[in-house]
Amino acid sequence: MTIEPGRITALVGLSGAGKSTLINLLDKFYSPDSGEITLDGVSLEEYDTAHLRDHIGLVLQKNHIFNGTIEENIRYGNPDATFEQVVDAAVKANIHYQVETMPDGYATSSLSLSGGQQQKIAIARMFLKNPPIICLDEPTASLDAVSTEQIKQSLDEIKKNRTVVIISHSISQIIDSDRIYVMREGM
């Protein structure tokens, strides 16, 4: 399999086909049992894990939202970001105007957010991090139609000029892909 730089590559297949495992391998959460994964012709094992992860952004089906404020959870994408940059990322992720209506605004606990709002926080992190490679693993699964459309619009914006790997069962999420791989039994 070849994932071309600056292109959108979609992975589709039945549950258990290995799509999410591949995302985890690309981010070095796992090491391959056999074979080799290379990035720009260099084995992934040669890359410093922290450096690699600094250049890859993840939006997963279930993202890690920690016990902290909305601002802190967005800032996790770039701890050195200014408040204005946090707000700008929230605007791009279609969550800013919802946050503004909350009594504590950006100081609101992230744990009180709905699943769709938490997904938008993860996307705001991605905008703030601004990585050259992004991996999207079922980013709109289990969301209502309105949240799905808002998240799709945000993702369409962040996909521009990046290397993207997307896993989705939604044809609207993968329709703009440059290449689609159908996976079966890990292949």
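Per chain, residue numbering runs from 1 following the sequence as it is written. Totals for whole chains, interfaces and linings use every residue, but because this is a predicted model, local features are given only for residues with pLDDT of at least 70 and side-chain atom pairs only at 80 or more, for both listing and counting. Side-chain numbers here rest on the full set of heavy atoms in the structure, without hydrogens or water.

**Observations regarding the pairing of strand S6 (residues 163-167)**
Consecutive side chains along a regular strand alternate between the two faces of the sheet. To keep it simple, the criterion reads: Relative accessible area decides the class of each residue, using a 1.4 Å probe on protein chains only: under 20% of the type maximum gives buried, over 50% gives exposed, and in between gives partly exposed. Helix and strand definitions follow DSSP, with helices as H or I runs of at least four residues and strands as E runs of at least two, each counted in order from the N terminus. Think of it this way: DSSP has to see at least two bridges between two strands before they count as a pair.
Of all 5 residues in S6, 5 are buried, a share of seventy percent or more. Of the two faces of S6, the one holding Thr163, Val165 and Ile167 and the one holding Val164 and Ile166 are both buried throughout. Of the strand pairs in this sheet, strand S1 (residues 8-12) and S6 are connected by 4 bridges, and their pairing is parallel. Bridge assignment links Ala10 to a residue of S6, and that residue is Ile166. Taken together, the 5 bridges between strand S5 (residues 133-137) and S6 define a ladder with parallel strand orientation.

**Examining the layout of surface pockets**
In plain terms, the rule: For each structure, a 1 Å grid was placed over the protein atoms alone; sets of points admitting a 1.4 Å probe that cannot get out are labelled cavities, open sets with protein on both sides within 12 Å along at least five of seven lines are labelled pockets, and lining residues have an atom within 4 Å of a point. Grid points are joined across faces, edges and corners, and a volume is the space filled by probe spheres set on the points. Think of it as three bins: nonpolar holds Ala, Val, Leu, Ile, Met, Phe, Trp, Tyr, Cys and Pro, charged holds Asp, Glu, Lys and Arg, and polar takes everything else, Gly as well.
Put simply, the largest pocket is a space of about 790 Å³. Taken together, 28 residues make up the lining of the largest pocket; nearest its centre are Ile3, Leu26, Ile37, Thr38 and Leu39. Elements represented by at least two residues in the lining of the largest pocket include exactly helix H1 (19-26), strand S2 (38-39), helix H2 (49-54) and S6. The element contributing the most residues to the lining of the largest pocket is H1, with 4 residues. For the lining of the largest pocket, the residue count by class is 17 nonpolar, 9 polar and 2 charged. When its volume is computed, the second largest pocket comes out at roughly 470 Å³. Taken together, 16 residues form the lining of the second largest pocket, with Ile56, Leu58, Tyr76, Arg125 and Lys129 sitting closest to its centre. Secondary structure elements with two or more residues in the lining of the second largest pocket: strand S4 (56-59) and helix H6 (115-129).

**A word on the sheet that holds S5**
To summarise the sheet geometry, strands pair through backbone hydrogen bonds and adopt either a parallel or an antiparallel arrangement. The following threshold applies: Inter-axis angles, ranging from 0 to 180 degrees, are taken between N-to-C directions of lines fitted to C-alpha atoms, where helices are fitted over the stretch in contact. Contacts are assigned to residue pairs with any non-hydrogen atoms lying within 4.5 Å of each other.
Ordered by their spatial adjacency, 5 strands build an open sheet running S4-S5-S6-S1-S7, and the pairing between neighbours is parallel. Edge positions in the sheet fall to S4 and strand S7 (179-182), since each has one partner strand and no second. Adjacent strand axes in the sheet meet at a mean angle of 15 degrees when their direction is disregarded. On the sheet, H1 packs against S1, S4, S5 and S6 and is oriented at approximately 150 degrees with respect to S6. Across the face of the sheet, H6 comes into contact with S4 and S5 while running at roughly 170 degrees to S4.

**Some points on the pattern of salt bridges**
Heads up, the rule is: Counted as salt bridges are all cases of a side-chain nitrogen of Lys or Arg within 4 Å of a carboxyl oxygen of Asp or Glu.
For the structure shown, the criterion picks out 5 salt bridges. In this structure, Asp88 and Lys92 form a salt bridge, with 3.3 Å as the shortest nitrogen-oxygen distance. A residue pair is termed a helical-turn pair when its members lie 3 or 4 positions apart in one helix, as Asp88 and Lys92 do in helix H4 (residues 83-92) at 4 residues. Its relative accessible area of 38% is what places Asp88 among the partly exposed residues. Judged by its relative accessible area of 40%, Lys92 is partly exposed. For Lys160, the salt bridge is made with Glu157, and the minimal N-O distance between the two is 3.2 Å.

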